[in-house]
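An overview of the molecular structure
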Amino acid sequence: TLYFKYIQALLFLPIMTFSSYPFYKNLITGLKNKKTSIDFPIVLSIILGSILSYLSLYKGGEKFYFDSISMFIFLILGSRYALSYLYRKEATSSPIKAIYGQQQALLIDNENIKFIHLSQVKSGDKILVKSGCIVPISGDLLNISSHFNESLVTGESTPVIRNVGENIRSGAKNLTNDVIIKTNFKSNTNSFHDYLSALNFSTASLEKHASFGSAYSLVLLFLLLFISLLFLILNPINVAYEKILSLMIICCPCALGIGMPLATILKIKRLSKKGIAIRDKAIFEKFNDIEKLCFDKTGTLTSGRYKVKKTLGNLEYLSLIIALEKRSEHPTALFLCDKFKEYDKNYPVHDFIETPGEGVSGVIGDRYCTIHSNVNGVIHFSIDNEIVFKIYLEEEYITQNIHILQELSKKYQIEILTGDRKKNMHLFLQKCGEIPNLTSYHSLSPQQKKEHIKSN
């Protein structure tokens, strides 16, 4: 029996040191940051139980806690591993990754084009991004201008034109022409990859949430120390020691330590189903301190879609317009094709050309037809360079979001940021009506939005 006790004591050493290392590390990190956590009573229980067990072994006593402490450590570490697994699973199944999903790139190798995994792409490689595909890795545009939907990266759903020589960011969707991109891995260029990696699980972030709030943890700490002091005053040292150890194990808030990160994961899961990705899980603990809310306008407060306000001209021309727009991937073209699909007569189009920032053109029958839009959202259809039909578009507003803004403004300061023009922002504010505590900023680039939020 004595040999068995020595074997227990020997086998317990790696559990007390190596296996318990995460608890010691989290406790030290918390103390350096002047924060308390549930790891304090855990560490104290491990140390007190170990000292009492080894002293009992040395003196020939019968009070050993090697197996109990080992099971205690296994339970805590096992539960944290289970939580980390659940979090990784939720992050992997997030809507953003489901949208992105792409793990291959079309590499241009001399005259050949081949599929390779993203991990094999090197800085300076040339990759082909076809119309309708997402840019897998950031790089510089080499061959032709094209429209890109950068809503996954910037939040702005309105397509933007990128010209030869401009940097195209990973996550942007190519809408019009097949383009060639020369990849580069310079700092801050692979922004979408950086964002996805930020969704990856880290033990430190989970431990941050295992801390159920500095105030509660601090109260628990002082309460434990106070009761322990009473035990020392009212009982003999050996009895007090045992009671303090039992107190530490019983009061260790395992339920909160497991329950709070689990609740966080479930909240992230429910939000992800609504299309909301949480980058910093600490937001749930900081929620009561929020004073100001910043919203992107296009695609967030508004739908990013259009509706037809009115048309001017003979509706028969819509058949020719649909014939041209069917050959474009531009969102406005897709909207018009869906809106006026009953006018589709499958007219053949010859010499079709799509010019980013200008419009589309082609020959239908013996007539040269062109479509372009101006800054006011008016689409002009011309035959042989003469405007014969106009479509007036206006942005589609989401009434529910306007009501939400009005309610939130009663408690928070509201800021609306957009890359849209001042006129469109003014129209949106008119639609919102009188909203107190609201400030708006227009014509901002994604970088300007980022700097604005940082400055606040």
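Anyway, here's the lowdown on the structure attached to this text. (Residues numbered from 1 in each chain as written. Predicted model: local features only at pLDDT ≥ 70, side-chain atom pairs only at ≥ 80, totals over all residues. Heavy atoms only, no water.)

It is worth spelling out the nonpolar core at this point. Grouped together as the largest cluster of nonpolar side chains are 21 residues, with contacts concentrated most on I321, L324, I364, I371, F381 and I391. Sorting the residues of this core by element identifies α14 (317-325), α15 (331-339), β13 (359-364), β14 (367-373), β15 (378-383) and β16 (386-397) as the ones contributing at least two each. Of the residues forming this core, the biggest block, six residues, is contributed by α14. Setting aside its immediate chain neighbours within four residues, I371 contacts I321, L324, E325, E358, G359, V360, I379, H380 and F381. (Core = buried A, V, L, I, M, F, W, Y, C linked by side-chain atoms within 4.5 Å. Buried < 20%, exposed > 50% of the residue type's maximum accessible area, 1.4 Å probe, protein only. Helix = DSSP H or I, 4+ residues; strand = E, 2+ residues; numbered from the N terminus. Contact = heavy atoms within 4.5 Å.)

So, on to the pattern of salt bridges. Applying the stated criterion across every chain yields a total of six salt bridges. Between D344 and K326 there is a salt bridge whose closest N-O contact spans 3.2 Å. Here D344, found in the loop between α15 and β12 (350-355), pairs with K326, found in the loop between α14 and α15; they are 18 residues apart in sequence, far enough to count as distant. By relative accessible area, D344 is classed as partly exposed at 30%. Assessed through its relative accessible area of 37%, K326 is described here as partly exposed. (Salt bridge = Lys/Arg side-chain N within 4 Å of Asp/Glu carboxyl O.)

As a further point, take a positive patch on the surface. A cluster of like positive charges, contributed by K269, R270, K273 and K274, occupies part of the molecular surface. Assignment of secondary structure puts K269 in helix α11 (residues 254-273). Using a relative accessible area of 32% as the deciding quantity, one classes K269 as partly exposed. (Patch = residues over 30% accessible without salt bridge, like charges linked within 9 Å, V, L, I, M, F, W, Y side chains within 5 Å. Areas by Shrake-Rupley, 256 points an atom, 1.4 Å probe, with all protein chains shown as cover. Lys, Arg positive; Asp, Glu negative; His and termini not counted. Charge placed at Lys NZ, Arg CZ, Asp CG, Glu CD.)

Moving on, we get to the sheet that holds strand β1 (residues 104-109). Taken in spatial order, the six strands line up as β2-β1-β3-β9-β4-β7 in an open sheet, and their pairing is antiparallel. What marks the edges here is a single partner per strand, and that holds for β2 (112-117) and β7 (167-168). When strand β3 (residues 126-129) meets strand β9 (residues 179-183), the two strands line up antiparallel, connected through four bridges. Each bridged residue has a counterpart across the sheet, and for L128 the counterpart in β9 is I180. (Pairing = 2+ DSSP bridges.)

Further remarks concern unusual backbone geometry. Despite not being glycine, D351 has its phi angle at roughly 55 degrees, a positive value. Looking at the secondary structure, you find D351 in strand β12. The phi dihedral of D384 is positive, around 55 degrees, even though this residue is not glycine. By the secondary structure assignment, D384 is in the loop between β15 and β16.

Every buried residue of helix α16 (residues 399-408) is accounted for by N401, I402 and L405. Here the buried residues of α16 occupy an arc of 105 degrees about the axis, which is enough to place them on one side. Within α16, the exposed residues directed more than 90 degrees away from the buried face are Q400 and E407. (Arc of directions from axis to C-beta.)

Inspection of the entire model under this criterion finds five aromatic pairs. Between F12 and Y54 the ring centres are 6.5 Å apart and the planes differ by 50 degrees, which places this aromatic pair in the tilted class. Within this pair, whereas F12 is found in helix α1 (residues 2-19), its partner Y54 is found in helix α3 (residues 39-59), the two being separated by 42 residues in sequence. The interplanar angle of 50 degrees and the centroid separation of 5.2 Å between the aromatic rings of F12 and F66 together place this pair among those described as tilted. With F12 in helix α1 and F66 in helix α4 (residues 66-92), this pair connects stretches of sequence that are 54 residues apart. Under the relative-accessibility criterion, F66 is labelled buried at 3%. When the ring centre of Y392 is taken as origin, the NZ or CZ atom of K310, which lies over that ring, is 4.8 Å away. (Phe/Tyr/Trp six-rings, centres within 6.5 Å; stacked < 30°, edge-to-face > 60°. Lys NZ or Arg CZ within 6 Å of the ring centre and 35° of its normal.)

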